Number of protein chains: 4
Amino acid sequence: MRLERLRAEVLEANLSLVRAGLVVDTFGNASGIDRAEGLVVIKPSGVPYDKMTPADMVITNLEGRIVEGSLRPSSDLATHIVLYRAFASISGVAHTHSRHATAWAQAAREIPCFGTTHADYIRGAVPVTAQLTPEEVGGDYEANTGKAIVRRIAGRDPAEFPAVLVRGHAPFCWGPSPAAASRTAMLLEEIARLAWMTVTLSPDSEPIPDVLRDRHFLRKHGAQAYYGQQSK
Amino acid sequence: MRLERLRAEVLEANLSLVRAGLVVDTFGNASGIDRAEGLVVIKPSGVPYDKMTPADMVITNLEGRIVEGSLRPSSDLATHIVLYRAFASISGVAHTHSRHATAWAQAAREIPCFGTTHADYIRGAVPVTAQLTPEEVGGDYEANTGKAIVRRIAGRDPAEFPAVLVRGHAPFCWGPSPAAASRTAMLLEEIARLAWMTVTLSPDSEPIPDVLRDRHFLRKHGAQAYYGQQSK
Amino acid sequence: MRLERLRAEVLEANLSLVRAGLVVDTFGNASGIDRAEGLVVIKPSGVPYDKMTPADMVITNLEGRIVEGSLRPSSDLATHIVLYRAFASISGVAHTHSRHATAWAQAAREIPCFGTTHADYIRGAVPVTAQLTPEEVGGDYEANTGKAIVRRIAGRDPAEFPAVLVRGHAPFCWGPSPAAASRTAMLLEEIARLAWMTVTLSPDSEPIPDVLRDRHFLRKHGAQAYYGQQSK
Amino acid sequence: MRLERLRAEVLEANLSLVRAGLVVDTFGNASGIDRAEGLVVIKPSGVPYDKMTPADMVITNLEGRIVEGSLRPSSDLATHIVLYRAFASISGVAHTHSRHATAWAQAAREIPCFGTTHADYIRGAVPVTAQLTPEEVGGDYEANTGKAIVRRIAGRDPAEFPAVLVRGHAPFCWGPSPAAASRTAMLLEEIARLAWMTVTLSPDSEPIPDVLRDRHFLRKHGAQAYYGQQSK
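Below is a short write-up of the structure.

Cut-offs applied
Residues numbered from 1 in each chain as written. Chains lettered and ligands numbered in written order. Predicted model: local features only at pLDDT ≥ 70, side-chain atom pairs only at ≥ 80, totals over all residues. Heavy atoms only, no water. Helix = DSSP H or I, 4+ residues; strand = E, 2+ residues; numbered from the N terminus. Buried < 20%, exposed > 50% of the residue type's maximum accessible area, 1.4 Å probe, protein only. Contact = heavy atoms within 4.5 Å. Least-squares fit on C-alpha atoms with pLDDT ≥ 70 in both. Buried area = accessible area lost by both parts, 1.4 Å probe. Salt bridge = Lys/Arg side-chain N within 4 Å of Asp/Glu carboxyl O. Polar contact = N/O pair within 3.5 Å; in protein donor to acceptor, adjacent residues only side chain to side chain. Nonpolar A, V, L, I, M, F, W, Y, C, P; charged D, E, K, R; others polar. Axes fitted to C-alpha atoms, helices over the stretch in contact; angles between N-to-C directions. Left-handed = near helix turned anticlockwise from the far one by under 90°. Pairing = 2+ DSSP bridges. Phe/Tyr/Trp six-rings, centres within 6.5 Å; stacked < 30°, edge-to-face > 60°. Lys NZ or Arg CZ within 6 Å of the ring centre and 35° of its normal. Core = buried A, V, L, I, M, F, W, Y, C linked by side-chain atoms within 4.5 Å.

1. Considering the overall build of chain A
Scanning chain A from N- to C-terminus turns up eight helices and seven strands. Its C-alpha atoms give chain A principal-axis dimensions of roughly 50 × 50 × 35 Å. By the burial criterion, 61% of the 232 residues in chain A qualify as buried. Sequence separation of 24 or more characterises 64% of the internal contacts of chain A that already satisfy a separation of 6 or more.

Here it is, written out as structure tokens:
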């Protein structure tokens, strides 16, 4: 029952990436986890989006062994699993090759917090992973990608830093649900686009002061949040 | 009656920003004022645009106290109110995070008057506010944002300078009605886009001469305006 | 009869600019001329495009005096007329503020012939007019704009150079019909966009050799043209 | 029968370029070859895309002589034929003036392999041809363009390098079918766009390490490919 709903949520999270124009070819995948069962639901690999149904979603355990589903899971499954293991507070992961975020990843540059649009969602620069070693690339590559992400977030709250750029590759995002992870992927693309235009305008642009950044981040996410309508 | 019409106008001004693609997520708000009553009509905070009705608009007095409406007003209400108090000639305010205008705000650069498209609407460079102090950010932040805008426009006619870039944030625009303020937000985005392309093409581009700028601005806005059809 | 057809052609040329996304606000106008009658048909000034009918087109003589039509002609009429007087071989003029072409005009840079796409339509760099003097701006401004264009084309064949950038303003284009002028406006925007990307990629990019440029231009336009299907 | 199917495939490959927004004006053409018959099927020259039918496709032999069809073939036919003669493994060719790939061709710069999106399709930088000599331009220009491409690919596997930028012109792409060639044209445009943004962000960006590039290329194309669903 709960797994059925999760399948539908994961499919919808994948389709929302496509609708937002973030997916090039079949690059892009979103997953969700049922923490109680320890089961991950993820998109199958290389299947056209317009033909996918909830039943095509692949279910695996946290070792990556398929529990349900006749299709191969996304080739990035191992990356997702490493993130779920490391970040206990997250229940959704999304990966895209969205254009502007990917350009920052290709340029191997973190995205500075140039404005309040950024600060409303992410509490500082979006970090970039270190270059994988030839051994890491030649070995369990997808899992090693996940480990590089985890090392980069170490010491931070994944709720304050819900996205990382994998160097020479593209972004990975996460959140409390598959929908939240996909939404972060969309907002990250917007933030990356604004930052790209900012840098092409003035290469020496400076991040906003920490006090302004925190004011905006906490206005939406802190205990004192006063944006939007009060929950009832 | 008049307030009912204003509610509808404010809703429409908000929706026109969305239709023009200027609104990222729920960033963006337009308001109007009934000068005779001293009442401000503004969009509620964080409500999806496709579900908003005129009845959802929030009405406040010029102290920001809610007079009608069960929803929280836009979190930028205090900024709008400061502008209405300072600029007696305006009756509409619009705020967006439109991409190109926001990039200039993030780069903390005024938009030079590079061409006649700009000069047709704004009589010179679009100014950028000063950085708020930590005290201003930590205090009544939204009102202080409005005050920074007013200081930057001081000594100019708000009809000739109907837009400002808030440093590290995004533009605020105004005009004789909510529709006019939203229209300025759209034209500003176009002007900001042209200027971005101009600067990426030639970083040392120069503004047009004042005489050409004024010819264009006054051709549309001066007492001798000869553009468009004559009013009857 | 012939004038009726010309009205319809001029309206269609104007609408094609809008459909191609070249028109910002109401900036943009196309006209045609009946050389036998010496009559110019042009779009009215500041009228919304979606409401224009052939009957709204304004007809003037080559002195700019209105012969038919109750609306004011486009405020750029005088520029069009100067072009018709100077270039006997043209029968259509189009003006837009299309984004990339306008950026080059604002940067006051001619568009070098960076590739064969450009060379297929224009036989060399797209020239930029000189800055108008304060006297020219303060005097008969629109006619003086036309004269600046004519001076810049002097000594060239307007069929080989069917477009000019007016410095700090935007492009004017022409051709053997209103449709041809509008089509040049569209191709110029594409050429300007490619050239902008070329320069942002490599500021020191070089034009293609003259021999390659002429091969392409003449493949489409010369006496030996072999592109497309043979006329019957 | 087989030729009929090829006509339809070639038409569809041409239309897919248009749908993907890669075709400016009538620039763009795709062809296919029936290797058993030694016959090439190609789009006619300068015919509007929305009116083309399979019957309009032109069939020629490998000397470029028309075998079937009443229309002139694409003026780039000779380039296609040189590629079919040189690369025995390909059965489709596609040529566009897609914006970003054309900008790189105009800047005369190869597209470095900046990321895994690139590496998933092309095993290294996308090469640029040498400048044609005046004799080559003045002589059999289109065939000489093909020869310049072949010289640039010499010593490589056309399956690992399925695209070239013709200097000062635009890309040519190929593959095992007309559809595959058109698909490469689309992916190349995406790769060129990402690379353009990467370079405008950081002019000194470095390609990814060879080991990472090969891991991605071979994950999709090698004997050990593990991306997508297993063929049955």
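2. Regarding unusual backbone geometry
All names here are of chain B. Although it is not a glycine, A108 adopts a positive phi angle of roughly 60 degrees. Its place among the elements puts A108 in the loop between α3 (99–106) and α4 (116–119). Overall, the relative accessible area of 30% leaves A108 in the partly exposed class.

3. Some points on the relation of the copies chain A and chain D
Expressed as a screw transformation, the operator carrying chain A onto chain D has a rotation angle of 90 degrees and an axial translation of 0.0 Å, and the superposed copies differ by an RMSD of 0.0 Å. When the rotation and shift are considered jointly, the pair of chain copies conforms to a four-fold rotation axis. When C-alpha positions in chain A are compared against the rotation axis, the closest is assigned to T200 of chain A, at 4.6 Å. By residue overlap, the copies meet through two different surfaces: only 6% of the interface positions of chain A are interface positions in chain D.

4. Focus on the environment of I90 of chain D
Residue and element names in this part refer to chain D. Here I90 shows up in the loop between α2 (77–86) and β5 (92–95). The spacing of I90 and I33 is 57 residues in sequence and 8.5 Å in space, taken between C-alpha atoms. Excluding its chain neighbours within four sequence positions, the residues that come into contact with I90 are I33, R35, L83, Y84, P158, W174 and G175.

5. Here we look at the interface of chain A and chain D
Chain A puts 33 residues into the contact, and the matching count from chain D is 32 residues. Here chain A and chain D share an interface that buries about 3000 Å² over both sides, 52% of which is from carbon and sulfur atoms. The interface formed by chain A and chain D holds three salt bridges in total. E190 of chain D is the partner of R99 of chain A in a salt bridge, and the nearest nitrogen-oxygen pair spans 2.7 Å. At the junction of chain A and chain D, the tally comes to twelve residue pairs in polar contact (both at pLDDT 80 or more). Among the secondary structure elements, those contributing two or more residues to the side of chain A that touches chain D are α3 (99–106), α5 (134–138), α6 (141–153) and α7 (178–201) of chain A. In terms of residue count, the dominant contributor to the side of chain A that touches chain D is α3 of chain A (six residues). Its residues assigned to classes, the side of chain A that touches chain D comprises 13 nonpolar, 14 polar and six charged.

6. Quick word on the packing of helix α2 (residues 77–86) of chain A against α6 of chain A
All names here are of chain A. Here α2 crosses α6 at 35 degrees, and the two axes come no closer than 7 Å. In this structure, α2 crosses over α6, and the sense of that crossing is right-handed. Contacts from A78, T79, V82, L83 and A86 in α2 reach E142, A143, T145, G146, K147, I149 and V150 in α6.

7. As for the sheet that holds strand β7 (residues 171–175) of chain D
Residues and elements named next belong to chain D. A sheet is described by the order of its strands in space; here seven strands give the open sequence β4-β3-β2-β1-β5-β7-β6, paired in antiparallel fashion. In this open sheet, the two edge strands, each paired with only one partner strand, are β4 (66–68) and β6 (163–165). Sheet twist, expressed as the mean angle between neighbouring strand axes with direction ignored, is 25 degrees. Where strand β3 (residues 58–61) and β4 come together, two bridges link them in antiparallel fashion. Residue pairing for β4: I59 is matched across the bridge by E68. Along the sheet, helix α6 (residues 141–153) contacts β6 and β7; its crossing angle with β7, the most-contacted strand, is approximately 65 degrees.

8. Points about the pairing of strand β7 (residues 171–175) of chain B
A regular strand carries its side chains on alternate faces of the sheet. Within β7 of chain B, five of the five residues are buried, which leaves it mostly tucked inside the rest of the structure. The hairpin turn running from strand β6 (residues 163–165) of chain B into β7 of chain B, its antiparallel successor, is five residues long, and G168 of chain B in that turn takes a positive phi close to 70 degrees.

9. Quick look at the packing of aromatic side chains
Under the defined criterion, the tally for this structure stands at twelve aromatic pairs over all chains. For the ring pair F87 of chain B and W174 of chain B, a centre distance of 5.1 Å and an interplane angle of 45 degrees mean the geometry is tilted. On the criterion of sequence distance, the pair formed by F87 of chain B in the loop between α2 (77–86) and β5 (92–95) and W174 of chain B in strand β7 is long-range, its members being 87 residues apart. With a relative accessible area of 1%, W174 of chain B lands in the buried category. Here the aromatic rings of W196 of chain B and W196 of chain C are separated by 5.4 Å at their centres, their planes lie at 70 degrees, and the arrangement is edge-to-face. Remark: W196 of chain C occurs in helix α7 (residues 178–201) and W196 of chain B occurs in helix α7 (residues 178–201); the pair is interchain, linking two chains. Overall, W196 of chain B belongs to the buried group, its relative accessible area being 6%. A connected cluster of aromatic rings, assembled from ring pairs, spans W196 of chain A, W196 of chain B, W196 of chain C together with W196 of chain D. Sitting over the face of the ring of F161 of chain A, R156 of chain A holds its NZ or CZ atom 4.6 Å from the ring centroid.

10. Quick word on the nonpolar core
Within the largest apolar cluster, 256 residues are counted, with the highest numbers of intra-cluster contacts made by W104 of chain A, W104 of chain B, W104 of chain C together with W104 of chain D. Setting aside its immediate chain neighbours within four residues, W104 of chain B contacts L201 of chain A together with R109, E110, I111, P112, F114, L165, A192, A195, W196 and V199 of chain B.

11. Remarks on the pattern of salt bridges
In the structure shown here, the tally under the stated rule is 56 salt bridges over all chains. Close ionic contact of E160 of chain A with R123 of chain A constitutes a salt bridge, the shortest N to O distance being 2.8 Å. Here E160 of chain A, found in the loop between α6 and β6 (163–165), pairs with R123 of chain A, found in the loop between α4 (116–119) and α5; they are 37 residues apart in sequence, far enough to count as distant. A salt bridge links D214 of chain D to R213 of chain D, with the nearest nitrogen and oxygen atoms 3.1 Å apart. Here D214 of chain D matches R213 of chain D in class, with each residue buried. Residues joined in a network through salt bridges with shared partners are R123, E160, D210, R213 and D214 of chain A.

12. Examining α2 of chain B
Residues and elements named next belong to chain B. Taking burial as the measure, the ten residues of α2 include seven buried ones, the bulk of the element. All buried positions along α2 are accounted for by L77, T79, H80, I81, V82, L83 and Y84. Where the residues of α2 are buried, they touch β1 (29–34), β2 (39–42), β3 (58–61), β5, α6 (141–153) and β7.

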